[in-house]
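Inside the fold
So you can see what is in the structure, the chains are spelled out below.
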2 protein chains.
Amino acid sequence: MGTDEAPAIEVAGAIRAIRELEGDFHIVLVGDEELIRAELGRHEGFSSNRLSIHHAPERIDPRESPASAVRRKRQSSIVIGMKLQQDGDVDAFVSAGSTGAVMAASLFTLRPLPGVHRPAIGTVLPTAKGPALMLDAGANVDCKPSQLVQFAFLGKIYAQDLMGLPNPRIALLNIGEEPEKGDEVSVETHRLLLASGLNFIGNVEGRDIIRGECDVLVCDGFVGNVLLKFYESVAEFTIGLLRKQLADSHADLNFDEVFKVLDYSEYGGAPLLGVNGVSIICHGQSNTKAIRNALGVAAQAVASGMVGHIARELSQDQGTA
Amino acid sequence: MGTDEAPAIEVAGAIRAIRELEGDFHIVLVGDEELIRAELGRHEGFSSNRLSIHHAPERIDPRESPASAVRRKRQSSIVIGMKLQQDGDVDAFVSAGSTGAVMAASLFTLRPLPGVHRPAIGTVLPTAKGPALMLDAGANVDCKPSQLVQFAFLGKIYAQDLMGLPNPRIALLNIGEEPEKGDEVSVETHRLLLASGLNFIGNVEGRDIIRGECDVLVCDGFVGNVLLKFYESVAEFTIGLLRKQLADSHADLNFDEVFKVLDYSEYGGAPLLGVNGVSIICHGQSNTKAIRNALGVAAQAVASGMVGHIARELSQDQGTA
């Protein structure tokens, strides 16, 4: 019930996921049953025993205070969906609703894994050399060096399990390449990452991101959130201008490469990493492709055993972090 | 002597400034006299009594430690150029050399204006609705709320004097619109800006920048630097892909609007605001248009009396900041 056009986008995305993606997953649509049934009815000829509905009468508005909305609206699609995962009825939860509410419900219900100081939102950024994971994208505005190092471990496991990278290149976002650059937190984090045993390639600057210089980019949630929203807006803006020019010109030009690099909906949702479960947060403006891909990421996270890998790695990591 | 192709770019940019820009300014080329003369010789048919050379035998390499290079290389083009301004022989200094060295030389030689806690680098970002000034773009990694409020005043005066905006819209870069969003520094800065008498429109998020939601964007130098370098690289990358597609297709398409929005060389250099003089920092990768425009900005800063306006405003501002 989270997108701006809910549940049309969610239903269409779920149908695309079942039709187009590999893997033997089942999708439970959590929300207003009547609205969802009506929406499903618009997809003539589609029927699948891999899709079911779980009724949730309430809905959290993105403008509500997340923590209090989650406490108050126990019958909301976000709270009920998260409870289904807590009870073991589902293995993962995907939502395009209020980011704050999904985060709060994940933290209250799933709980952080033992040894995890602060779960972080990972987000996949398109780059010239393929996707890179940036974290934290907004869950934690102020971060200690030890927390940033944990983000690196969380990111490493995500890159291994979901991006197919056995030895991902980890970098620290900073304002210069040299170890002594940045503020005190940056300098200390750099030192800890060098000693972490991770494949730490050093600091990268803002200009290195789109060039694909790293696979996992570590930063605090303030700069990560600003950067993510800026990227999305530049991409949307540029694509919008290009599409308009192309439509006006009727020219037979292929801008697939540009679109692909700038189109973040390729990568679906943003995982909340470090909780005891799979929680994927999508944009309120998600399209069906983004929902489809987020469902694919959720299925893959479950199939790969990502949460177990994080639990093992982060409990071992206690000495250094 | 600062660009990657110095002094060719600087000389060509200076000639374009004299040929193309309005205003009765004189340009002194500071650097290796022999190299500069040779470069001027390549521009056949150009001669002007508005261009002269001041010899500086040394050159600071961007990889040198800025503060010690400025102290040691007293005969470098950066130190000599700054001294010319201190002595009143020139009114402004433009350099595409080491950003750190230009900053250090500006602080040591010109000095901060009375009442200015920390000078800040302003940088003009192209947006859908025209240019916006972001500051700080990298001079100060950690900022107190009172310093961020001063950046807002510095930005206001720059927008008034250089961008022709009598009442510029000032915004605080944050991760949400609400006053309570962000870290403690953000919350306190928001409160101070509301009480500052400035035309403060509130917090803006990363996505609002390219939409042109504000004229002056206040942030600390860490996030500003990351954002600036990211923007430049996305712009370069996108423009590169587009130009390639266009060249391959021989299609008669007009992407001027896209290019204009993404082309930061339209706006030349980044002013160091809050020092007792005009100091404009350009990219090492500047092209002649960027140098031309930076020289234009320098001339306009002098003509408008920007430094005097800052001195007046910031000495009055002591009570609130």
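A few points on the structure. Residues take numbers from 1 onward in each chain, read along the sequence in its written order. In the order they appear in the text, chains get letters beginning with A and ligands get numbers beginning with 1. In keeping with the model being predicted, local features are shown solely for residues with a pLDDT of at least 70 and side-chain atom pairs are shown and tallied solely at 80 or more, while totals for entire chains, interfaces and linings include all residues. With hydrogens and water stripped out, all remaining heavy atoms of the structure feed into the side-chain values.

**With respect to the overall build of chain A**
Going by this rule: Only DSSP runs of H or I with at least four residues qualify as helices, and only runs of E with at least two residues qualify as strands; both kinds are numbered from the N terminus onward. The globule rule used for comparison is 2.2 Å times the number of residues to the exponent 0.38, while the radius of gyration itself is calculated over C-alpha atoms. The criterion used for residue contact is that any of the two residues' heavy atoms lie within 4.5 Å. Surface accessibility follows the Shrake-Rupley procedure with a 1.4 Å probe radius. Residue values consider only the protein chains on display as shielding. Here the positive residues are Lys and Arg and the negative ones are Asp and Glu; neither His nor the chain ends is included. To locate a charge, take atom NZ for lysine, CZ for arginine, CG for aspartate or CD for glutamate.
Along its length, chain A carries 12 helices and 10 strands. Against the globule reference of 20 Å for 321 residues, chain A gives a C-alpha radius of gyration of 20 Å, in line with a compact fold. Considering only C-alpha atoms, chain A reaches an extent of 60 × 55 × 35 Å along its principal axes. Across chain A, the fraction of contacts at a sequence separation of at least 24, relative to all contacts at a separation of at least 6, is 70%. Surface accessibility of chain A: about 13,400 Å² in total, with carbon and sulfur atoms responsible for 47%. A gap of 3 Å separates the mean positions of the 29 positive and 41 negative side-chain charges of chain A.

**Some words on the pattern of salt bridges**
Definition in use: Salt bridge, as used here, is a side-chain nitrogen of Lys or Arg placed within 4 Å of a carboxyl oxygen of Asp or Glu. The classification of residues rests on relative accessible area computed with a 1.4 Å probe and restricted to protein chains. Under 20% of the type maximum is buried, over 50% is exposed, and intermediate values are partly exposed.
Considering all chains together, one arrives at 24 salt bridges over all chains under this definition. Note that glutamate 64 of chain B is salt-bridged to arginine 72 of chain B, the shortest N-O span being 2.7 Å. Arginine 72 of chain B sits in the exposed class, given a relative accessible area of 53%. Residues participating in the shared-partner salt-bridge network are Arg16, Glu20 and Arg292 of chain A.

**Describing the sheet that holds strand E9 (residues 270-273) of chain B**
Residues and elements named next belong to chain B. Here is the rule: Any two strands with at least two DSSP bridges between them are considered paired. Helix axes are fitted only over the stretch in contact, all axes being lines through C-alpha atoms; the angle between N-to-C directions runs from 0 to 180 degrees.
Strand order in the open sheet formed by 8 strands is E3-E10-E9-E4-E5-E8-E6-E7, and the pairing between neighbours is mixed. With one partner strand each, in any of the chains shown, strand E3 (92-95) and strand E7 (200-204) form the two edges of the open sheet. Averaged over neighbouring strand pairs, the angle between their axes works out to 25° when direction is ignored. Bridging between E3 and strand E10 (residues 278-281) involves 4 bridges; their strand directions are parallel. Bridged to phenylalanine 93 within E10 is serine 279.

**As for the packing of helix H6 (residues 145-162) of chain A against helix H11 (residues 288-304) of chain A**
Residue and element names in this part refer to chain A. Applicable threshold: By the definition adopted for this analysis, an angle is roughly parallel if under 35 degrees, roughly antiparallel if over 145, roughly perpendicular if from 65 to 115, and oblique otherwise. Gly is put with the polar residues, along with every residue not named as nonpolar or charged; the nonpolar set is Ala, Val, Leu, Ile, Met, Phe, Trp, Tyr, Cys and Pro, and the charged set is Asp, Glu, Lys and Arg.
Running from amino to carboxyl end, H6 crosses H11 at an angle of 95°, the nearest separation of the two axes being 9 Å. When the interaxial angle is binned, H6 and H11 end up roughly perpendicular. From H6, Tyr158, Asp161 and Leu162 reach across to H11, where they touch Val297, Gln300, Ala301 and Ser304. Here the contact of H6 with H11 is built from residues that sort into 4 nonpolar, 2 polar and 1 charged.

**Let's talk about the nonpolar core**
Heads up, the rule is: Here, nonpolar core means buried Ala, Val, Leu, Ile, Met, Phe, Trp, Tyr and Cys residues that are tied together by side-chain atoms lying within 4.5 Å of each other.
Ranked by size, the top nonpolar core spans 82 residues in total, and within it Leu173, Leu217 and Leu227 of chain A together with Leu173, Leu217 and Leu227 of chain B carry the most contacts. Those residues in contact with leucine 173 of chain B, other than ones at most four positions away along the chain, are Phe222 and Val226 of chain A together with Val204, Glu205, Gly206, Ile209, Leu217, Val218, Cys219, Val223 and Leu227 of chain B. With 54 residues, the next largest nonpolar core counts Ala17, Ile18, Phe200 and Leu273 of chain A among its residues.

**Comments concerning the side chain of threonine 127 of chain A**
Counted only if it meets this: Under this definition, polar contacts are N or O atom pairs within 3.5 Å; protein pairs additionally need one hydrogen-donor-capable and one acceptor-capable atom, and for neighbouring residues in sequence, both atoms have to be side-chain atoms.
Considering the arrangement of structural elements, one finds threonine 127 of chain A in the loop between strand E4 (120-125) and strand E5 (132-135). Side-chain polar atoms of threonine 127 of chain A contact the backbone nitrogen of lysine 129 of chain A, separated by 3.1 Å.

**Some details on the pairing of strand E1 (residues 27-31) of chain B**
All names here are of chain B. Across the 5 residues of E1, 4 count as buried, placing the element largely inside the fold. Of the strand pairs in this sheet, E1 and strand E2 (residues 51-55) are connected by 5 bridges, and their pairing is parallel. Across the sheet, glycine 31 pairs through a bridge with histidine 55, a residue of E2.

**Considerations on the side chain of glutamine 147 of chain B**
Position of glutamine 147 of chain B among the secondary structure elements: in helix H6 (residues 145-162). Here the side chain of glutamine 147 of chain B touches lysine 144 of chain B through a polar contact of 2.9 Å, landing on its backbone nitrogen.

**Here we look at the packing of aromatic side chains**
As a reminder, the rule being used: Any two of the Phe, Tyr and Trp rings considered here, Trp counted by its six-membered ring, make a pair once their centres fall within 6.5 Å; the pair's planes then place it as stacked at under 30 degrees, edge-to-face at over 60, or tilted in between. In our convention, an over-ring charge means Lys NZ or Arg CZ found within 6 Å of a ring centre and within 35 degrees of that ring's normal.
Summed over the entire model, instances satisfying the criterion amount to 3 aromatic pairs over all chains. Where phenylalanine 230 of chain A meets phenylalanine 230 of chain B, the ring centres are 6.4 Å apart and the plane angle is 65°; that geometry is what we call edge-to-face. Separated into two different chains, phenylalanine 230 of chain A in helix H9 (residues 221-249) and phenylalanine 230 of chain B in helix H8 (residues 221-249) make up a pair that spans both. Look at phenylalanine 230 of chain B and you get buried, because its relative accessible area is 0%. The rings of Phe230 and Tyr231 of chain A together with Phe230 and Tyr231 of chain B are connected pair by pair, giving a single aromatic cluster. The residue whose ring lies beneath arginine 50 of chain A is phenylalanine 25 of chain A, and the NZ or CZ to ring-centre distance is 4.9 Å.

**Examining a negative patch on the surface**
Residues and elements named next belong to chain A. For clarity, the cut-off: Patches were defined on residues exceeding 30% relative accessible area and lacking a salt bridge, with like-charge contacts within 9 Å and nonpolar side-chain contacts (Val, Leu, Ile, Met, Phe, Trp, Tyr) within 5 Å.
Residues Glu177, Glu178, Glu180 and Glu213 make up a contiguous surface patch of negative charge. With respect to the helices and strands, glutamate 177 occurs in the loop between strand E6 (170-173) and helix H7 (184-194). Accessibility expressed as a relative area gives 54% for glutamate 177, which makes it exposed.

**Here we look at the sheet that holds E5 of chain A**
Residue and element names in this part refer to chain A. Taken together, the 8 strands give an open sheet; going across it, the order is E3-E10-E9-E4-E5-E8-E6-E7, and neighbouring strands pair in mixed fashion. Here the strands that pair on one side only, and so sit at the sheet edges, are strand E3 (92-95) and strand E7 (200-204). Averaged over all neighbouring strand pairs, the angle between strand axes comes to 25°, with direction disregarded. Here 4 bridges tie E6 to E7, and the two strands are oriented parallel to one another. By the bridge assignment for E7, leucine 173 is matched with valine 204. The sheet strands contacting helix H4 (residues 77-86) are E3 and strand E10 (278-281), and the helix crosses E3 at an angle near 165°.

**Describing unusual backbone geometry**
All names here are of chain A. In this model, leucine 135 is joined to aspartate 136 through a cis peptide bond whose omega is 10°. Residue position: aspartate 136 is located in the loop between E5 and H6. Of note in this structure, arginine 111 is not a glycine but carries a positive phi near 75°. The residue arginine 111 is located in the loop between helix H5 (99-110) and E4 in this model.

**Remarks on the packing of helix H4 (residues 77-86) of chain B against helix H5 (residues 99-110) of chain B**
Residues and elements named next belong to chain B. Operational definition: In this scheme the crossing of two helices becomes right-handed for a clockwise turn of the near helix relative to the far one and left-handed for an anticlockwise turn of less than a right angle.
Where H4 meets H5, the closest approach of the two axes is 10 Å, and the angle between their N-to-C directions is 30°. H4 and H5 meet at a crossing whose hand is right-handed. Where H4 approaches H5, its residues Ile78, Met82, Lys83, Gln85 and Gln86 are matched on the opposing element by Ala101, Val102, Ala105, Ser106, Thr109 and Leu110.

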